[in-house]
Amino acid sequence: MRFCLLVMAKSPVPGQVKTRLCPPLSPEQAADVAAAALLDTLGAALETPGAVPVVALAGVVRREDVRTALAQCVVIPQRGEAFGDRLANAHADIARFRMPVLQIGMDTPQVTPSLLQACAEFDEAALGMAADGGWWALGLRDPLRADALRDVPMSRSDTGALTLEALRLRDVRMLPVLSDVDTIADAGAVAAHVPDSRFAAALASAAVVAR
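What you are looking at is a predicted structure, and each value in this text was computed from that prediction instead of being measured.

The next thing to look at is helix H1 (residues 27-46). Taking 1.5 Å of rise per residue, the 20 residues of H1 would be expected to cover 28 Å, and the 28 Å separating its terminal C-alpha atoms lies within 8% of that figure. The element H1 is extensively covered by neighbouring structure, given that 14 of its 20 residues are classed as buried.

On to the pattern of salt bridges. When their charged atoms lie close together, side chains carrying opposite charge are able to pair. Applying the stated criterion across every chain, the model contains nine salt bridges. For Arg63, the salt bridge goes to Asp32, with nearest N and O atoms at 2.9 Å. Placement of Arg63 in the loop between strand S2 (51-58) and helix H2 (64-70) and of Asp32 in helix H1 is noted, with a sequence separation of 31 residues between them. The closest approach of N and O atoms between Arg150 and Asp147, which form a salt bridge, is 2.5 Å. Several salt bridges converge on common partners, so that one network encompasses Asp32, Arg63 and Asp65.

Here H1 crosses helix H7 (residues 198-205) at 170°, and the two axes come no closer than 8 Å. Classified by the angle between their axes, H1 and H7 sit roughly antiparallel to one another. For the pair H1 and H7, the contacting residues are Asp32, Val33, Ala36, Ala37, Leu39 and Asp40 in the first and Arg198, Phe199, Ala202 and Leu203 in the second.

This part is about the pairing of strand S6 (residues 135-140). Extensive coverage of S6 is indicated by the burial of six of its six residues. Of the strand pairs in this sheet, strand S4 (residues 101-105) and S6 are connected by four bridges, and their pairing is antiparallel. Counted as the bridge partner of Leu102 is Gly139 from S6. Of the pairings in the sheet, the one linking strand S5 (residues 125-130) to S6 comprises five bridges and is antiparallel in character. When the sheet's bridge partners are listed, Ala126 is paired in S6 with Gly139.

What follows covers the sheet that holds S5. Here seven strands make up an open sheet; going across it, the order is S3-S2-S1-S4-S6-S5-S7 and the pairing mixed. Among the strands making up the open sheet, the edge pair consists of strand S3 (74-77) and strand S7 (172-178). Each neighbouring strand pair of the sheet contributes to a mean axis angle of 20°, computed without reference to strand direction. Strand direction decides the pairing type here: S5 and S7, joined by five bridges, are parallel. Of the residues in S7, the one forming a bridge with Ala126 is Arg173.

Within strand S1 (residues 3-10), seven of the eight residues are buried, which leaves it mostly tucked inside the rest of the structure. For S1 and S2, the ladder comprises eight bridges, and the chain directions are parallel. For Cys4, the partnering residue across the bridge sits in S2 and is Val52. Crossover handedness for the path S1 to H1 to S2: right-handed. Inspection of the sheet shows S1 paired to S4 by five bridges, in the parallel sense. Paired with Cys4 across the strands is Val101, a residue of S4.

Here the structure, examined in full by the defined rule, presents zero disulfides. With no disulfide partner, Cys73 has as its closest neighbouring cysteine sulfur the one in Cys4, 12 Å distant. The buried category is assigned to Cys73, whose relative accessible area is 12%. Free of any disulfide, Cys119 has its nearest cysteine sulfur in Cys4, 16 Å distant.

Tracing the chain through its elements places Thr108 in the loop between S4 and helix H4 (113-119). Overall, Thr108 belongs to the buried group, its relative accessible area being 2%. With residues up to four places along the chain from it excluded, the contact list for Thr108 reads Thr41, Trp136, Leu178, Ser179 and Asp180.

Reading the values: the criteria
- Residues numbered from 1 in each chain as written.
- Predicted model: local features only at pLDDT ≥ 70, side-chain atom pairs only at ≥ 80, totals over all residues.
- Heavy atoms only, no water.
- Helix = DSSP H or I, 4+ residues; strand = E, 2+ residues; numbered from the N terminus.
- Expected span 1.5 Å × (residues − 1).
- Buried < 20%, exposed > 50% of the residue type's maximum accessible area, 1.4 Å probe, protein only.
- Salt bridge = Lys/Arg side-chain N within 4 Å of Asp/Glu carboxyl O.
- Axes fitted to C-alpha atoms, helices over the stretch in contact; angles between N-to-C directions.
- Parallel < 35°, antiparallel > 145°, perpendicular 65-115°, else oblique.
- Contact = heavy atoms within 4.5 Å.
- Pairing = 2+ DSSP bridges.
- Right-handed = clockwise from strand over helix to strand, strands pointing away.
- Disulfide = S-S within 2.5 Å.

Scope: geometric values only; no functional claims are made or implied.
Shown next, in the form of structure tokens:
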């Protein structure tokens, strides 16, 4: 089965990405950690059987390693101000591919090709809750259904539950719960789960001990 694997990504520019990691990280270190998370995510996406990787990108990428990875994907610009609008617009922009969509972010560098392939198996929709009450993955057979996200408050402890309610779909497969990376404690927990990843290496090079 072929499907669009949509990755919502932000260019890893110091001071503009992963600012909640500062302190203890510096803006430059936080950007390095964000770049590593994005590279790990894109690496998994590119190796996922049946996936057509599409990156909805915000910002201008200046890092050569990230540009090289993005060159292997379909890249579209994010459109809109509120995050819910950007999500809905990204889904609408790839509806032309006429494929089911599994959408993730760059905040779960622990994803693997086998996990992503398994998560793409759903009849109508799928939702992967995050440990903080948000969500890390959304699968839709009809990407235009993502228009419901425009009215969902984002970055809250009830965002996942409100998203599930807003979709108004009877058949939603619940995916495994993952921790995304918002705080330094999150970063340490995720790095411990994937110690050989670029993400873990970038966090270790920042000489930060997560507590």
